[in-house]
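Residues per chain, in single letters:
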Amino acid sequence: MAIFYHVIPTLPRYKKGDRVGQIKLGISIPLQFEFVDEINENTERGEGGFGHTGVQ
């Protein structure tokens, strides 16, 4: 069961039986972060920048 409150009065009202929600199940992978004082820019990914794959 879910309770909805209309914040924007111009939107259509929900009716019984309307499909208004979703659920997604997944696995959370535990992560560990390493804090560093400086970043090494000479890596295998090169100088393309954040998220760069090397494809032009």
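To be clear, the structure that these remarks concern was listed above.
For clarity, every value in this text was computed on a predicted model and none was experimentally measured.

A.B. asks: Looking at this structure, how should I read the overall build of the protein?
C.D. replies: The helix and strand tally for the protein stands at zero helices and zero strands. Counting only residues that meet the buried cut, the protein has 2% of its 56 residues in that class. Per element, the accessible surface of the protein, about 7000 Å² overall, is 56% carbon and sulfur.

A.B. asks: Looking at this structure, how should I read a nonpolar patch on the surface?
C.D. replies: Among the surface-exposed residues, Ile-27, Ile-29, Leu-31, Phe-33 and Phe-35 lie close enough to one another that they form a single nonpolar patch of about 780 Å² accessible area. Among the residues examined, Ile-27 registers a relative accessible area of 80% and is labelled exposed.

A.B. asks: Before we go on, may I ask you to explain the environment of Phe-4 in this structure?
C.D. replies: For Phe-4, a relative accessible area of 44% corresponds to the partly exposed category. C-alpha separation for the pair Phe-4 and Tyr-14, spaced ten residues apart in sequence, amounts to 8.6 Å. Phe-4 has contacts with Tyr-14 and Val-20, leaving out every residue within four places of it along the chain.

Calculation rules
Residues numbered from 1 in each chain as written. Predicted model: local features only at pLDDT ≥ 70, side-chain atom pairs only at ≥ 80, totals over all residues. Heavy atoms only, no water. Helix = DSSP H or I, 4+ residues; strand = E, 2+ residues; numbered from the N terminus. Buried < 20%, exposed > 50% of the residue type's maximum accessible area, 1.4 Å probe, protein only. Areas by Shrake-Rupley, 256 points an atom, 1.4 Å probe, with all protein chains shown as cover. Patch = residues over 30% accessible without salt bridge, like charges linked within 9 Å, V, L, I, M, F, W, Y side chains within 5 Å. Salt bridge = Lys/Arg side-chain N within 4 Å of Asp/Glu carboxyl O. Contact = heavy atoms within 4.5 Å.

In short, shape yes, function no, at least from these values alone.
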